[in-house]
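# Architecture at a glance
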Number of protein chains: 2
Amino acid sequence: MLGQIHIVMVNTTHSGNIGAAARAMKNMGLSRLTLVDPIAVVDEDAIQRSSGAADILQQVRIVPTLEEAIAGCGLVVGTSARSRHIPWPLLTPRECAAKAAQAIPAGNEVALVFGRESRGLTNEELHLCNAHVHIPTNPDFSSLNVAQAIQVLSYEMRLALVEDSVAADAGQWGVEWDYPLATHAELDGLFTHMEQALIDTGFLDPNTPKQLMSRLRRLYQRAAPDKIEVNILRGMLAAMQNPRKQGESS
Amino acid sequence: MLGQIHIVMVNTTHSGNIGAAARAMKNMGLSRLTLVDPIAVVDEDAIQRSSGAADILQQVRIVPTLEEAIAGCGLVVGTSARSRHIPWPLLTPRECAAKAAQAIPAGNEVALVFGRESRGLTNEELHLCNAHVHIPTNPDFSSLNVAQAIQVLSYEMRLALVEDSVAADAGQWGVEWDYPLATHAELDGLFTHMEQALIDTGFLDPNTPKQLMSRLRRLYQRAAPDKIEVNILRGMLAAMQNPRKQGESS
């Protein structure tokens, strides 16, 4: 899936940016980089900045024109600052990824085209694209480093094509937790115990309880404790009820 | 809104990364950068890589410890590789941004914490956080450059806070809560008190603490207590240390 995505860099002037782009791509699982008429070469600086993504640099495709770079692609999206002379279909990075996620299973190759460090893509180049994509930015400081722009787009591509169906927040609700969550009955036992311990130590006056237990319930239920956490809390409550004096030692 | 977000870089070794981080932040409209015990200095290389974001570098805050960096923050999220010894609530960048978008209108300061270039954050540092965030990556090449990671998180923050206006459920992070959230420093005071009370009652053996305090930190940080809840818990701890015997009555 991600193998059908081509990152296309036009007239890049800094080899460090080519290396950083390769690293960002590989981090996200992309592998196909095309350089259009590059000014920089793939040198030591590029390899160093790629920080282990030299394989992408070794397989880089270098072509003289953007037309040639995108010739085989069914969906071509050019990165663009917001306003252009002629309006063009303008996508957010997320919409762009959604479009790619539709196009790729149908067998299409997809190109994401990035312009020069100094001034992006020309209008002529942008007009070769099916659509444009604009990364939302601070309007007073809107020019992203090209490798950072590639990072953001590649990240959205990964989310749409690889991670999407991933179950939302794992946290303690999810599968990667170490102990099962406490049941409602176990929590109830905890609160009964807590109330008694608070009465025993004189912290809770059963005649004027106010909101104390309600606030404690809210706190612990919100955290959704697991079984070991409930055990720890009950151990604390027991110690509170029958403290072992310091020095008594076991 | 974005002014309440602090990007916190721990022990950064390359000044170029500090500059690239500043640029990425400013592109997304963020401005507050904190360096914790940095190894690199803000030098010419940093300024050059910031490419016009020198204002952020000039206002950088440098502090000796992570605790100091996050002391005033109501929501602290640390970047992490997926698996850790004790599981912690784990967010995607998008979920993290949604949480921040709930917390910020309620007046909370938010910290996003990024680790060393070589090996990220330590478990100890990660245990100071309310939650962790993991940027989805190629499992065979998962280490993002730190400035790239800052780019991705800052991008999601901008989408959630400026571009989107996502509202979702408020919960304790949001505006419909009755008391402000406890700050990190207040939580820290709670944990210090808790540890002492547990030692006093003989529940915690300081010579073999095992994971007790880590598990308790995880539980309470996950719940993100508000100020009155922290007061209640500290009252309970005080009662635990000096129980008033039943019948003694006021």
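Residues numbered from 1 in each chain as written. Chains lettered and ligands numbered in written order. Predicted model: local features only at pLDDT ≥ 70, side-chain atom pairs only at ≥ 80, totals over all residues. Heavy atoms only, no water.

### A few points about the overall build of chain A
Keep this limit in mind: Numbered from the N terminus, helices here are DSSP runs of H or I no shorter than four residues, and strands are runs of E no shorter than two. For this measure, only C-alpha atoms enter the radius of gyration; the expected value for a globule follows 2.2 Å times N^0.38, where N is the number of residues. Each residue is assigned to one of three classes by its accessible area relative to the maximum for its type, calculated with a 1.4 Å probe on protein chains only: buried under 20%, partly exposed between the two thresholds, exposed over 50%. It only takes one pair of heavy atoms within 4.5 Å for two residues to be counted as in contact. Accessible surface area values rest on a Shrake-Rupley calculation with a 1.4 Å probe, where residue burial reflects the displayed protein chains alone. Residues counted as positive are Lys and Arg, residues counted as negative are Asp and Glu, and His and the chain ends are not counted. Where a charge lies is defined by one atom per residue type, namely NZ (Lys), CZ (Arg), CG (Asp) and CD (Glu).
Within chain A, the regular secondary structure consists of ten helices and seven strands. Its C-alpha atoms give chain A a radius of gyration of 29 Å, more than 25% over the compact-globule value 18 Å for 250 residues. For chain A, the spread of C-alpha atoms along the principal axes amounts to about 85 × 40 × 40 Å. The buried share of chain A, reckoned over its 250 residues, is 50%. Counted over contacts in chain A with a minimum sequence separation of 6, partners at least 24 positions apart contribute 83%. Total accessible area on chain A is roughly 11,500 Å²; 51% of this is exposed by carbon and sulfur atoms. For chain A, the separation between the mean place of its 21 positive charges and that of its 27 negative charges on side chains is 6 Å.

### Quick word on the packing of aromatic side chains
Quick reminder of the rule: Each aromatic pair joins two rings of Phe, Tyr and Trp (for Trp, the six-membered one) with centres within 6.5 Å, and gets the label stacked for planes under 30 degrees apart, edge-to-face for over 60, and tilted for any other angle. Geometrically, a charge over a ring is one whose NZ (Lys) or CZ (Arg) sits within 6 Å of the ring centre while staying within 35 degrees of the ring normal.
Here the structure, examined in full by the defined rule, presents one aromatic pair over all chains. Here Tyr220 of chain A and Tyr220 of chain B contribute two aromatic rings whose centre-to-centre distance is 5.9 Å and whose plane-to-plane angle is 70°, an arrangement assigned as edge-to-face. Remark: Tyr220 of chain B occurs in helix α9 (residues 212-223) and Tyr220 of chain A occurs in helix α9 (residues 212-223); the pair is interchain, linking two chains. Comparing Tyr220 of chain A with Tyr220 of chain B shows no difference in burial state: the two are buried. When the ring centre of Phe141 of chain B is taken as reference, the NZ or CZ atom of Lys26 of chain A above it lies at 4.7 Å.

### Considering the interface of chain B and chain A
Inclusion rule: Here the quantity called buried area is the total loss of accessible area, with a 1.4 Å probe, experienced by two parts when brought into contact, counted for both. For this analysis, a salt bridge means a side-chain nitrogen from Lys or Arg found within 4 Å of a carboxyl oxygen belonging to Asp or Glu.
On the side of chain A, 71 residues touch chain B, which itself brings 73 residues to the contact. Both faces combined, the contact of chain B with chain A buries some 6,000 Å², and carbon together with sulfur accounts for 58% of it. Its largest share of buried area at the contact with chain A, chain B owes to Phe141, Tyr155 and Met236 of chain B, together 11% of the area lost on that side. Run the count over chain B and chain A and you get seven salt bridges. A salt bridge links Glu229 of chain A to Arg218 of chain B; its shortest N-O distance comes to 3.0 Å.

### Here's the deal with the pairing of strand β2 (residues 32-36) of chain A
All names here are of chain A. Selection criterion: Two strands pair if DSSP finds at least two bridges between them. A clockwise path from the first strand over the helix to the second, with the strands pointing away from the viewer, defines a right-handed crossover.
By the criterion of burial, β2 is predominantly enclosed, with four of the five residues buried. In terms of strand pairing, strand β1 (residues 5-10) meets β2 through five bridges, oriented parallel. Paired with His6 across the two strands is Arg32, which belongs to β2. As a crossover connection, the stretch from β1 through helix α1 (residues 15-28) into β2 is right-handed. Of the strand pairs in this sheet, β2 and strand β3 (residues 61-63) are connected by three bridges, and their pairing is parallel. The partner of Val36 across the bridge, within β3, is Val63.

### Observations regarding the domain arrangement of chain A
As a reminder, the rule being used: Segment limits for the domains were obtained from an automatic or database-derived domain assignment.
As far as domains go, chain A holds domain 1 (2-163) and domain 2 (171-241). The straight-line distance from the C-alpha centre of domain 1 of chain A to that of domain 2 of chain A is 52 Å.

### Looking at the side chain of Gln4 of chain B
Residue and element names in this part refer to chain B. The line we're drawing: Any N or O atom pair separated by 3.5 Å or less is treated as a polar contact, with the protein-specific requirement of one donor-capable and one acceptor-capable atom, and with residues adjacent in sequence counted only for side-chain atom pairs.
By secondary structure assignment, the location of Gln4 is in the segment before β1 (5-10). Separated by 3.0 Å, the side chain of Gln4 and the backbone oxygen of Ile104 make a polar contact. Excluding residues within four positions of it along the chain, Gln4 makes contact with Arg32, Ile104, Gly107, Asn108, Glu109 and Val110.

### As for the sheet that holds strand β5 (residues 90-91) of chain B
Overall, parallel pairing links the seven strands, which are arranged β3-β2-β1-β6-β4-β7-β5 (chain B) in an open sheet. At either end of the open sheet lies a strand with only one pairing partner, and these are β3 (61-63) and β5 of chain B.

### Section: the sheet that holds strand β4 (residues 75-79) of chain A
If you trace the seven strands from one edge of the open sheet to the other, you get β3-β2-β1-β6-β4-β7-β5 (chain A), paired in parallel fashion. In the strand order of this sheet, the two ends are held by β3 and β5 (90-91) of chain A, each with one partner.

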